[in-house]
Amino acid sequence: MFWRKRKQTDFVAEIEAHLELETERLKEQGLNEEEARMAARRAFGNVTRAEERFYEAGRWMWWDHLKQDLRFGLRTLRKNPGFTAAAVLTLALGVGANTTIFSLINATLLKPLPFPHPDRLVLVWETSGKGHDNWNSVSAPNFWDFQLQSKSFEGIAIFDFGRGYNLSPAGTKQEAEQVSGLRASAGFFSVLGVKPFLGRTFLPEEETLGKDHEVILSYGLWKRRYGGDPALVGRTITIDGQDFTVVGVMPRQPQWQFWNSSQLWVPIGYTKTDYERDWNSFVAIGRLKPGVTMAQARAEMGAIANRLAQEYPTEDADMGAWVVPLGEFGREDLRTALLAMFVAVGFVLLIACVNVANLMLARGATRQKELAIRSALGAGRVRIARQLLTESLLVGLLGGAAGLLLATWSSQLLFNVFRLDHLHLPGQELDSIPIDSRVFGFALLVSCLTGVLFGLAPAFSALRRDVNGPLKEGGRESSQGSRLRHALVASEVALALVVLCGAGLMIKSLARLLGVDPGLDPKNVLTMQMSLPQEEAYNGPPGLPQFCQDLDAHVGSIPGLTSVSAVGDLPFEGNDTRGFVVEGQPAPEPGHLPGAGYGVACPDYFMTMGIPLLAGREFAHADTLSSPGVIVINETMARRFWPKENPIGRAIRFGGTSGPRLTVIGVVGDVRYLGLDARVRPQFFRPYTQAAWPVMNVVVRARTDPSTYTVVVKKALAEFLPDRPASGVETMEDIVRDSTGSRRLPMLLLSGFALFALVLAAVGIAGVVGFSVTQRTREIGLRMALGARATGVLGLVVGRTMKWALVGMVVGITGSMGLARLLSGLLYDVRPTDPRVLGAVTLLLAAIALLAAYLPARRASKIDPIAALRCE
Amino acid sequence: MSTQKEKDRLELLQGTLDLLILRTLIFGPQHGQGIGRAIQQTSQDELLVEHGALYPALQRLEERGWIVAEWGTSANNRKARFYTLTAAGRKQLVRETTRWRRLATAIGRVLGPEARKG
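Here the structure is a predicted model, which means the values were calculated and not measured.

Summing up its helical and strand segments, chain A has 24 helices and 24 strands in all. The C-alpha radius of gyration of chain A comes to 38 Å, more than 25% above the 29 Å expected for a compact globule of 872 residues. Overall, chain A is about 135 × 75 × 55 Å in size when its C-alpha atoms are taken along their principal axes. Per-residue burial over chain A gives 42% buried out of 872 residues. Long-range contacts, defined here as pairs at least 24 residues apart, represent 82% of the contacts in chain A between residues at least 6 apart.

So, in structure tokens, the structure goes:
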């Protein structure tokens, strides 16, 4: 009916006609023109009111009101640039910080994995002992049994952890290049639900060693290195010096990356050691049948693992199985960190809201007369409350828009500074932090919510307002108003305390962590990775027995380098475990072989890395396949296995009683190989000249900044291994720093938020107290006129503020326990209820609150009683 | 038309104006002033209809589709907006009349014999 709506002018014309008709009738009854006109008008009542009622009956009234309110709101905001700037800026920072964290959550935790039905993809791990904390990769024979016996899966496959593969130049234009790739079983691609863009995936018979010289390339590698030539499929390329037939190319969409940015895949080609049931070196991935729950899959796999443990008591002793959704695996720390930051930043926003609410209240007080006049002129209370709420929403949206802008910039900054593209999320590659519709919706929702939140207090007080009070001169502040403001002080303190506590715990953790002795000297050390030829990747004789010597000859001669060596796994990046039997000690029970961390190194490794040699000697070039087998052990291993003895000259049997005999030739200092935050564990090394390892990290120590040597070292390496280019160049200092990475980001951000919260709370408290002092100028003046001294007034104002701040602290301490529990997974060597952190934070906040109350209170104590009483 | 008399008039109960307008229009098209006068006359000057209240009510009825309006000329040759009852308006009138009668009877019953005396 809206389109048929009458115009206001038509209605006015009708009223006019009515008055004419009525005048006519009255004239007929004998009244003169003037009297008749007056009487007609009288009988009609209020013409304007009738017109108004016609207008209000319109269906788009609320829109008119909204337009009016918006226009009025914008005008008011423009008239108070100081207030507007303060409110919008506060909210922009609050909403911006929230949106930034949300965009991180959106890009990592909320984004579905790029596979069909990703919720049905799971990883299956072996476990040892009770529970599932002690999970381990899967051995091929166990996987075959899982595959045969389980009914929960549509399909299940395995792949190894991947390594660098060397692509030889095909023509003169190409250079040798190392790319990461992995070995996958035939079912791998169908489990993931990915069909090849070109060609085919692997066939079951290609899992056999010797028939495994096929390769599937990623779309990116195919485009970049082979110019996207469709005829490449079916041709041979040279990888690690051997011919491989390209059988397929993976699709580009969805962004198809899996596990450590793999760019090529080769058939799994089970080697001799892969057939050993305790050779755990694969990751099992399964796709659950539709309708099978995680609990059912876990129960079934657990039962199968228990049966295998009984069947193979030596290899599978105490074995269990654990099933985790692919989308959750490897994201626990990230989830905790993001959740904790989300909570903290939410609290910061609440503080911002409290501050703006206080600003609004203060402004509401100065606007009391304006509002009273408007309501005296006939504006309803609801109408006024609505108008105030519209104004708050407007401020909220302005702040939100600025916050969104801030977030687009800051999320990019975080991505770059914290190198989030290096975040290894299984099945997912993070290439940017998108500001998509979800992030936009979040920002909009948060700004509206905050607008309503801080707009509620002024709107409610408008609803309750007495029309006459403010119009009278010198209206005093109500006790209700002051109660509200005290509640604001208390809530600011409580919220700030929670955020500060979180930050305090994280800072203490990181300080503890940075205080941990890395056990080596990372300064001026550069590392890079090379993959070496290997018949049996992790067992048997070295593929390049002369590698260490060549390294010494070619790289060692570079001027400016003080020493050169290589090692299998770099410190802090995790390493393998190997079992052994100590010679001369009672034989262990079957299935309970003692184990220790294991590595392979070239001569001079410990010197190059700056790991102190405590006894004996390092590996030398003289330790070869024809000389006796030797090992270097760490201090913890020496103490554990040869307590109160000199371990030098003692021996172990590697891998079991019948394994090769290896003699201890040296003891070195402890290094936390599993990460700076991990426990020190026994560790032993074999020389590369006696034991194979497929990937070696070249380590060089320079006199100055080591990164300047990258090119020369690479060139020197190419001199003796032209087909095996080095990759993954990193300084040791970066590696040490990255080892604390999962804590560094939340720590820095939480500290930033805490600082922000502290500033906001201080400004907020000062604002509340300042406003209250202004409101009570007359009362204070009166007190002073009656003999109150300046110190008394000071004490009165500060005392009352601190009383409420104390209430806030009690509430805040309780609340901080919650956040601390959330953080506990990220803490290192600090308890969530650390009394020192809690005490320090409480004291800091008390001092800030005291200062924030003192400054306006001092102003109160300087009030001139005569001026104060006269000014009204 | 003395002031005294005006004070004695009954003010309309909420919602009854619509009913009276519809009832008045049953005799044929009429303009606003005519409707007001008709109500007053038919009630033998007992009901007070503020003319100003009439027009928003007419507007409301028109929007609901119970009456339609058209500009025309009055008996004494003046321009006026004439209202006509629609079929839906007729139905509404029957419904409302029934409802009102039931209400009046029920209230009468509750008030008892005294009400008749006064």
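Each helix and strand in chain B was counted, giving six helices and five strands. Ordering the α and β elements of chain B from the N terminus gives α-β-α-β-α-β-α-β-β-α-α. Counting only residues that meet the buried cut, chain B has 26% of its 118 residues in that class.

So, about the pairing of strand E23 (residues 695-702) of chain A. All names here are of chain A. Counting buried residues along E23, seven of its eight residues qualify, which places the element largely inside the surrounding structure. Bridge count for strand E14 (residues 525-531) against E23 is seven bridges, and the pairing is antiparallel. Paired with Leu526 across the strands is Val700, a residue of E23.

Let's shift gears to the packing of helix H2 (residues 16-25) of chain B against helix H5 (residues 87-111) of chain B. Residue and element names in this part refer to chain B. H5 packs onto H2 with a crossing angle of 125° between their chain directions and a minimal axis gap of 10 Å. Between H2 and H5, the angle falls in the class oblique. Relative to H5, the crossing made by H2 is left-handed. Where H2 abuts H5, its residues Leu19, Leu22 and Arg23 lie against Gly89, Gln92, Leu93, Glu96, Thr97 and Trp100. For the contact of H2 with H5, the class distribution of residues is four nonpolar, three polar and two charged.

Another aspect to go through is the nonpolar core. General note: in soluble globular proteins, nonpolar side chains tend to be found buried as a group. Residues and elements named next belong to chain A. The biggest cluster of nonpolar side chains holds 175 residues, and the ones touching the most others in it are Val348, Val499, Phe753 and Ala757. A per-element tally of this core places helix H10 (residues 332-366) first, with 20 residues. Mapping this core onto the domain boundaries places at least three of its residues in each of domain 3 (332-515 + 741-870) and domain 4 (533-723). In this structure Val499 touches Ala344, Phe347, Val348, Phe753, Ala754 and Ala757, once residues within four positions along its chain are discounted. Membership of the second largest hydrophobic core comes to 54 residues, among which are Phe153, Tyr165, Ile216 and Ala284.

Now for the interface of chain A and chain B. Residue-level contacts link 19 residues of chain A with 17 residues of chain B. Going through the elements one at a time, helix H1 (8-28), helix H2 (33-44) and helix H3 (47-56) of chain A are the ones with two or more residues in the side of chain A that touches chain B. A total of eight residues in the side of chain A that touches chain B trace back to one element, the largest contributor, which is H1 of chain A. In the side of chain A that touches chain B, the residues fall into 10 nonpolar, three polar and six charged.

Here the focus is the packing of helix H22 (residues 790-823) of chain A against helix H23 (residues 835-861) of chain A. Residues and elements named next belong to chain A. With their axes 9 Å apart at the nearest point, H22 and H23 run at an angle of 150° to one another. Considering the angle they form, H22 stands roughly antiparallel to H23. For the pair H22 and H23, the crossing hand works out as right-handed. When H22 is examined against H23, the residues Ala790, Val793, Leu794, Val797, Val798, Thr801, Met802, Ala805, Met809 and Ile813 are found in contact with a partner set consisting of Leu838, Thr842, Leu845, Ala846, Ala849, Leu850, Ala853, Tyr854, Ala857, Arg858, Ala860 and Ser861. Across the contact of H22 with H23, the residue classes tally to 18 nonpolar, three polar and one charged.

This part covers the sheet that holds strand E5 (residues 79-85) of chain B. All names here are of chain B. Ordered by their spatial adjacency, three strands build an open sheet running E2-E5-E4, and the pairing between neighbours is antiparallel. Each edge of the sheet is formed by a strand with only one pairing partner; in this case those strands are strand E2 (30-31) and strand E4 (67-73). Here E4 runs beside E5; their pairing, made up of seven bridges, is antiparallel. When the sheet's bridge partners are listed, Gly72 is paired in E5 with Ala80. Contacting E2, E4 and E5, H2 runs over the sheet at an angle of about 95° to E5.

Here Leu47 of chain B shows up in strand E3 (residues 47-48). Separated by 54 residues in sequence, Leu47 of chain B and Arg101 of chain B place their C-alpha atoms 17 Å apart.

This part takes up H23 of chain A. With 27 residues, H23 of chain A should cover 39 Å at 1.5 Å per step; its first-to-last C-alpha distance of 37 Å lies within 8% of that length. Helix geometry: H23 of chain A is bent most strongly at Leu855 of chain A, by close to 25°, with proline Pro856 of chain A lying one to four residues after it.

On to the domain arrangement of chain A, then. Along its sequence, chain A is organised into domain 1 (2-59), domain 2 (118-325), domain 3 (332-515 + 741-870) and domain 4 (533-723). Taking the mean C-alpha position of each, domain 1 of chain A and domain 4 of chain A sit 104 Å from one another.

A separate point is the pairing of strand E9 (residues 236-239) of chain A. As paired strands, E9 of chain A and strand E10 (residues 242-249) of chain A are joined by four bridges and run antiparallel to one another. Bridge assignment links Ile237 of chain A to a residue of E10 of chain A, and that residue is Phe244 of chain A.

Residue and element names in this part refer to chain B. Looking at chain B, the pLDDT average stands at 81 and 85% of residues meet or exceed 70. Here residues 1-6 is a poorly scored stretch, pLDDT under 50, and it has one contact once near neighbours within four places are set aside; other chains count. Quick note on the complex model: pTM equals 0.73, ipTM equals 0.79.

Parameters and conventions
- Residues numbered from 1 in each chain as written.
- Chains lettered and ligands numbered in written order.
- Predicted model: local features only at pLDDT ≥ 70, side-chain atom pairs only at ≥ 80, totals over all residues.
- Helix = DSSP H or I, 4+ residues; strand = E, 2+ residues; numbered from the N terminus.
- Rg over C-alpha atoms; globule rule 2.2 N^0.38 Å.
- Buried ≥ 20, exposed ≤ 12 C-beta atoms within 10 Å, placed from the backbone.
- Contact = placed C-beta atoms within 7 Å.
- Pairing = 2+ DSSP bridges.
- Axes fitted to C-alpha atoms, helices over the stretch in contact; angles between N-to-C directions.
- Parallel < 35°, antiparallel > 145°, perpendicular 65-115°, else oblique.
- Left-handed = near helix turned anticlockwise from the far one by under 90°.
- Nonpolar A, V, L, I, M, F, W, Y, C, P; charged D, E, K, R; others polar.
- Core = buried A, V, L, I, M, F, W, Y, C linked by C-beta atoms within 7 Å.
- Domains from an automatic or database assignment.
- Expected span 1.5 Å × (residues − 1).
- Bend = angle between axes of the 7 residues up to and from the residue.
- pLDDT = per-residue confidence, 0-100.

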